[in-house]
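Chain by chain, the residues:
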Amino acid sequence: MNRDESSGPPADIVDEVFDAAWEAEARRTVAEVGFDPGLAVRVARDALRVARGDLSPAQFHETYHAAYMRAFGMDLRPSGEEDASQPETSQDLVEFRITVPESPAGADLPGDDDGTPALVSRRTAVKAAGAGAAALLLAQMAGAWLPGAAADGGAHGGHQAAPPPADQSTKASGKRQMGMVIDLEKCDGCLFCVNACRQAYSLTDGVHWIYVFAYKEPDSPDVHLLPRLCNHCSNAPCVKVCPTTARHRRSDGLVLTDYDVCIGCRYCQVACPYGVNYFQWGDPKKNGGGYTGERRDARGRSVVGDPPRGVMGKCTFCPLRQDSHHEQGTTNCALACPHDVLHYGDLNDPQSEPNLYLERRRQELGGRLRTFRLLEDLGTKPNVIYIGAPPSKKAKEVPGPVAYEDWGLVHRRRDALEGPEPWFRRLAGGK
Ligand code: SF4
Ligand code: SF4
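Attention here is on the structure that accompanies the text.

About the criteria used
Residues numbered from 1 in each chain as written. Chains lettered and ligands numbered in written order. Predicted model: local features only at pLDDT ≥ 70, side-chain atom pairs only at ≥ 80, totals over all residues. Heavy atoms only, no water. Near = heavy atom within 4 Å. Nonpolar A, V, L, I, M, F, W, Y, C, P; charged D, E, K, R; others polar. Core = buried A, V, L, I, M, F, W, Y, C linked by side-chain atoms within 4.5 Å. Buried < 20%, exposed > 50% of the residue type's maximum accessible area, 1.4 Å probe, protein only. Helix = DSSP H or I, 4+ residues; strand = E, 2+ residues; numbered from the N terminus. Contact = heavy atoms within 4.5 Å. Polar contact = N/O pair within 3.5 Å; in protein donor to acceptor, adjacent residues only side chain to side chain. Expected span 1.5 Å × (residues − 1). Salt bridge = Lys/Arg side-chain N within 4 Å of Asp/Glu carboxyl O. Pairing = 2+ DSSP bridges.

## Some words on the site of ligand 2
1) Next: Taken together, 13 residues lie near ligand 2, and Cys 242, Cys 262, Cys 265, Arg 266 and Cys 268 sit nearest.
2) Next: Residue classes in the shell around ligand 2 are distributed as eight nonpolar, three polar and two charged.

Here's what the structure looks like:
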């Protein structure tokens, strides 16, 4: 058998979600950054088969190992039965309050020191890597993730992570699973959440880590609204395909991208069935955004804010808030929502805000609470729970009640950036 070929059994739902139109778009997406599109397509489909339990993680790893070594000079994908969450926070809850950066526009872009665009320098570093260079890169990455080790800053320079306070070690090892409950019956499409996120993280024009879809069902004049963001999946295909483990799952369930480590191959983008990843094409400073990677989480890792050029970004569930005594269990979007729609917290804690809200609504509705998670049948275990009815496959996107332009926002990323919005098409039928 050709070891680079898919070894998973046919799984209709995988082929349905990752269909021919998806494949064409996925190939284009990866070809644009100079990596192997055929490998990306195969590995994305099989990552979903792993998520569904149709293919074992060990088989998945073995099947593509040689191809990853050829394509990237490395293969740091998770190889066990479970995607191991990356090491516990090295410095659990820390005492600070969140501040929005004052003026990111003046900051220098990482990777630009020598005049070389980050996109080019990252790609070159990997694709040109011989065994020695690749080994050095791997060693840097592995060292950055040892508990309590110095996070060396990878491509962007040094940073020393503080050692864990001894009296906080049990908190650090707690089994939190941060997640969100979104009450669709209360959303009025005001876009406060969208704007708050963009402001907090200085996001580039056209990038909406939380995005409110407005849609209609056939034969009904009603406009429905659905805020969409990264689901921080417990069984995330994006994590399974990342060659560098830049895309990783933190011990509290946040799925994050380490901007120091990401090489911009876009494999995570095509493997995610939810369309929530935003590749940073250009200079964020020139597109309304700003690199905010100088802010690091409690492990010392660069996972916060608008990414630098050539790096993947998406909703982060506000890691600095989760690292803070004062702000844990909050996100910028949930705090900004004036209509009690977004409820964020630890889904494993029965007393957390989202669980208490679910119970409250269940009682209000006489026990007839309807909930769903997006594309739940895929086995990705999304950690965003919606209250209300899911869109049907015949739903069509329509303009919302509040225009993105009213907030000074660019409505569609295609208008400002590039790329498809396949998520809604897959979920709600073609458009
Ligand atoms: S929704 Fe988020 S965690 Fe889930 S696959 Fe997509 S990017 Fe990964
Ligand atoms: S996080 Fe970066 S390195 Fe990992 S798959 Fe995504 S683009 Fe590639």
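## A short note on the nonpolar core
1) Next: Core analysis: the biggest nonpolar cluster contains 96 residues, and Phe 72, Met 180, Ile 182, Trp 209, Tyr 267, Phe 317 and Leu 342 have the highest contact counts within it.
2) Next: Per element, the largest residue contribution to this core is eight residues, and it comes from helix H3 (residues 37-52).
3) Next: With seven residues, the next largest nonpolar core counts Val 181, Tyr 357, Leu 358 and Ile 385 among its residues.

## Observations regarding the site of ligand 1
1) Next: Near ligand 1 lie 14 residues; those nearest to it are Cys 230, Asn 231, Cys 233, Cys 238 and Cys 272.
2) Next: Classifying every residue of the shell around ligand 1 by side-chain character gives nine nonpolar, three polar and two charged.

## Observations regarding the environment of Lys 314
1) Next: Here Lys 314 shows up in the loop between strand E7 (312-313) and helix H11 (319-322).
2) Next: Each C-alpha atom, one on Lys 314 and one on Asn 277, is 5.0 Å from the other, the two residues being 37 residues apart in sequence.
3) Next: Other than its neighbours up to four places away in sequence, Lys 314 contacts Trp 209, Cys 230, His 232, Arg 247, Val 255, Leu 256, Val 276 and Asn 277.
4) Next: In terms of polar contacts, Lys 314 uses its side chain to reach the backbone carbonyl oxygen of Val 255, at 2.5 Å.

## Some words on H3
1) Next: Here H3 contains 16 residues, and its C-alpha end-to-end distance of 23 Å stays within 8% of the 22 Å for a straight helix at 1.5 Å per residue.
2) Next: Of all 16 residues that make up H3, 13 are buried, and the element is covered over most of its length.
3) Next: The N-capping residue of H3, defined by a side-chain oxygen 3.0 Å from the backbone nitrogen of Gly 38, is Asp 36.
4) Next: Note on H3: the residue one or two positions beyond its end, Gly 53, has a positive phi of about 85°.

## Some remarks on the environment of Val 402
1) Next: Relative to the elements of secondary structure, Val 402 occurs in the loop between strand E11 (396-397) and helix H14 (413-416).
2) Next: Sequence-wise, Val 402 and Gly 189 are 213 residues apart; in three dimensions their C-alpha atoms are separated by 6.2 Å.
3) Next: In this view, Val 402 contacts Gly 189, Cys 190, Leu 191 and Trp 407; residues no more than four positions away in its chain are not counted.

## Looking at the pattern of salt bridges
1) Next: What the rule picks out here adds up to 23 salt bridges.
2) Next: A salt bridge links Arg 28 to Glu 25; the shortest N-O distance between them is 2.6 Å. Of this pair, Arg 28 and Glu 25 both sit in helix H2 (residues 20-31), three residues apart, roughly one helical turn.
3) Next: Taking the relative accessible area as the measure of exposure, Arg 28 reaches 32% and is therefore partly exposed.
4) Next: Of the charged contacts, one joins Asp 183 and Arg 361 as a salt bridge, the two residues approaching to 2.9 Å between their closest N and O atoms. Here Asp 183, found in strand E1 (residues 178-183), pairs with Arg 361, found in helix H13 (residues 353-364); they are 178 residues apart in sequence, far enough to count as distant.

## Things to note about the sheet that holds E11
1) Next: The three strands are arranged E3-E2-E11 in an open sheet whose pairing can be described as antiparallel. Only two strands of the sheet have a single partner each, and these edge strands are strand E3 (223-228) and E11.
2) Next: Across two bridges, strand E2 (residues 211-216) lies against E11 in antiparallel orientation. In the sheet register, Lys 216 faces E11, and the bridge partner there is Lys 396.

## As for unusual backbone geometry
What you tend to see is this: most non-glycine residues have negative phi, and most peptide bonds are trans.
1) Next: With a phi angle near 70°, Leu 191 is a residue other than glycine that sits in the positive phi range.
2) Next: Mapped onto the fold, Leu 191 is located in the loop between E1 and helix H8 (192-201).
3) Next: The phi dihedral of Asp 219 is positive, around 65°, even though this residue is not glycine.
4) Next: Of note, Asp 219 is situated in the loop between E2 and E3.

## Some thoughts on the pairing of strand E10 (residues 384-387)
1) Next: Here E10 shows two buried faces, one formed by Val 384 and Tyr 386 and the other by Ile 385 and Ile 387.
2) Next: Note: strand E9 (residues 371-372) against E10, two bridges, orientation antiparallel. If you follow Thr 371 over to E10, its bridge partner there is Ile 387.

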